[in-house]
Amino acid sequence: MRCPQCGTRDTRVIDSRDLDESATIRRRRECPACSTRFTTYERVEAARLVVVKRDGARQEFDRDRLVSGLRKALTRRPVPDAAAELAADAIEAELRAAGATEVPSSRIGAMAMEQLRGIDQIAYIRFASVYQSFEDLEDLKREVDTLFAERGEPVVIDLRGSGTKRSRA
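Residues numbered from 1 in each chain as written. Predicted model: local features only at pLDDT ≥ 70, side-chain atom pairs only at ≥ 80, totals over all residues. Heavy atoms only, no water.

In this section: the nonpolar core. Leu66, Leu70, Leu95 and Leu116 are the most contacted members of the largest nonpolar core, which totals 30 residues. The set of elements that each furnish at least two residues to this core consists of α1 (63-74), α2 (83-98), α3 (105-119), α4 (121-131) and α5 (137-151). Residue contributions to this core peak at six residues, all from α2. Each residue touching Leu66, except ones within four places of it in the same chain, is listed here: Phe61, Ala88, Ile91, Ile108 and Ala112. (Core = buried A, V, L, I, M, F, W, Y, C linked by side-chain atoms within 4.5 Å. Buried < 20%, exposed > 50% of the residue type's maximum accessible area, 1.4 Å probe, protein only. Helix = DSSP H or I, 4+ residues; strand = E, 2+ residues; numbered from the N terminus. Contact = heavy atoms within 4.5 Å.)

Below, the structure written as structure tokens:
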């Protein structure tokens, strides 16, 4: 490893520690020429993951973009701050574990909706309404009815304006 101070190539490792459940190694190094100490991080370089868009365009998987979308859905919801990061980690890990180098964007969207469904149902509806491009209230109602059916709570929504009524079965 080259010294950032003087450029000498021969540096020695003083200390090594595992980080991120052994996914990263942190090394403290010292330059014998100028005695500068510095830190390096060693990670496994993951295979390139390409997202295939609906129109056929391809672009490299952008984890930050996924986190941003998840965060928008989780805005002002009573969930931990790290929820979007953890969900993105789970999605990326599942994609990489599958071993494919190209993934359709629809699969990533479906995985994001599934993660949000488990974290917060309101965030899930927010994300789904944009991702699935709900055309009208009927589409939204169908999705909400599906959530209530999974919870075992039937709901009657009157779209003519008299409000929502919950009835226990």
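Resuming the write-up.
So, about the state of the cysteines. Here the structure, examined in full by the defined rule, presents zero disulfides. Just so you know, Cys6 is unpaired, no disulfide at all, and the nearest cysteine sulfur is the one on Cys31, 3.5 Å from it. (Disulfide = S-S within 2.5 Å.)

Let us now look at the packing of α4 against α5. In contact at an axis separation of 11 Å, α4 and α5 are set at 150° when each is read in the N-to-C sense. What the angle tells us is that α4 and α5 run roughly antiparallel. Read as a crossing pair, α4 and α5 show a hand that is right-handed. Between α4 and α5, the contacting residues are Gln121, Tyr124 and Ile125 on the first element and Leu140, Glu143, Val144, Leu147 and Arg151 on the second. The class makeup of the residues in the contact of α4 with α5 is five nonpolar, one polar and two charged. (Axes fitted to C-alpha atoms, helices over the stretch in contact; angles between N-to-C directions. Parallel < 35°, antiparallel > 145°, perpendicular 65-115°, else oblique. Left-handed = near helix turned anticlockwise from the far one by under 90°. Nonpolar A, V, L, I, M, F, W, Y, C, P; charged D, E, K, R; others polar.)

Once that is clear, we can look at the packing of aromatic side chains. Counting across every chain of the model gives one aromatic pair. Look at Phe127 and Tyr131: their rings are 5.9 Å apart centre to centre, the planes differ by 20°, and that puts the pair in the stacked class. In this pair, Phe127 and Tyr131 are both assigned in helix α4, four residues apart and thus about one turn of the helix distant. Under the relative-accessibility criterion, Phe127 is labelled buried at 17%. Sitting over the ring of Tyr131, Arg54 keeps its end group 5.3 Å from the ring centre. (Phe/Tyr/Trp six-rings, centres within 6.5 Å; stacked < 30°, edge-to-face > 60°. Lys NZ or Arg CZ within 6 Å of the ring centre and 35° of its normal.)

Now for the sheet that holds strand β1 (residues 12-19). Taken in spatial order, the three strands of this open sheet run β1-β2-β3, and their pairing is antiparallel. Each edge of the open sheet carries a strand with a single partner, namely β1 and β3 (37-43). Strand-to-strand twist in this sheet, taken as the mean axis angle between neighbours without regard to direction, amounts to 20°. Judged from the seven bridges that link them, β1 and strand β2 (residues 24-30) form a sheet pairing that is antiparallel. Bridge assignment links Leu19 to a residue of β2, and that residue is Thr24. (Pairing = 2+ DSSP bridges.)

Turning our attention to the environment of Cys31. Within the secondary structure, Cys31 sits in the loop between β2 and β3. On the basis of relative accessible area, Cys31 is assigned to the buried category, the value being 1%. Residues Cys31 and Gln5, spaced 26 residues apart in sequence, show a C-alpha to C-alpha distance of 8.7 Å.

Right, let's get into the pairing of β3. Successive side chains on a regular strand alternate, one facing one side of the sheet and the next facing the other. Taken together, the seven bridges between β2 and β3 define a ladder with antiparallel strand orientation. Across the sheet, residue Thr24 finds its bridge partner in β3, namely Arg43. In textbook terms, the turn of a hairpin is the stretch between consecutive antiparallel strands, and for β2 and β3 this stretch comprises six residues, one of which, Ser35, has a positive phi near 65°.

Now for the pattern of salt bridges. All chains considered together, the criterion is met by 17 salt bridges. Linking Glu60 and Arg48 is a salt bridge whose minimum nitrogen-to-oxygen distance equals 3.4 Å. Here Glu60 is found in strand β5 (residues 58-60), whereas its partner Arg48 is found in the loop between β3 and β4 (50-52), with 12 residues between them in sequence. What makes Arg48 exposed here is its relative accessible area of 53%. Notably, a salt bridge pairs Arg63 with Glu85, separated by 3.0 Å at the nearest N-O pair. One end of the pair, Arg63, is in helix α1; the other, Glu85, is in helix α2, and 22 residues separate them in sequence. With relative accessibility at 28%, the residue Glu85 sits in the partly exposed group. Salt bridges sharing partners connect three or more residues here, namely Arg63, Arg71, Glu85, Asp89, Glu92 and Arg96. (Salt bridge = Lys/Arg side-chain N within 4 Å of Asp/Glu carboxyl O.)

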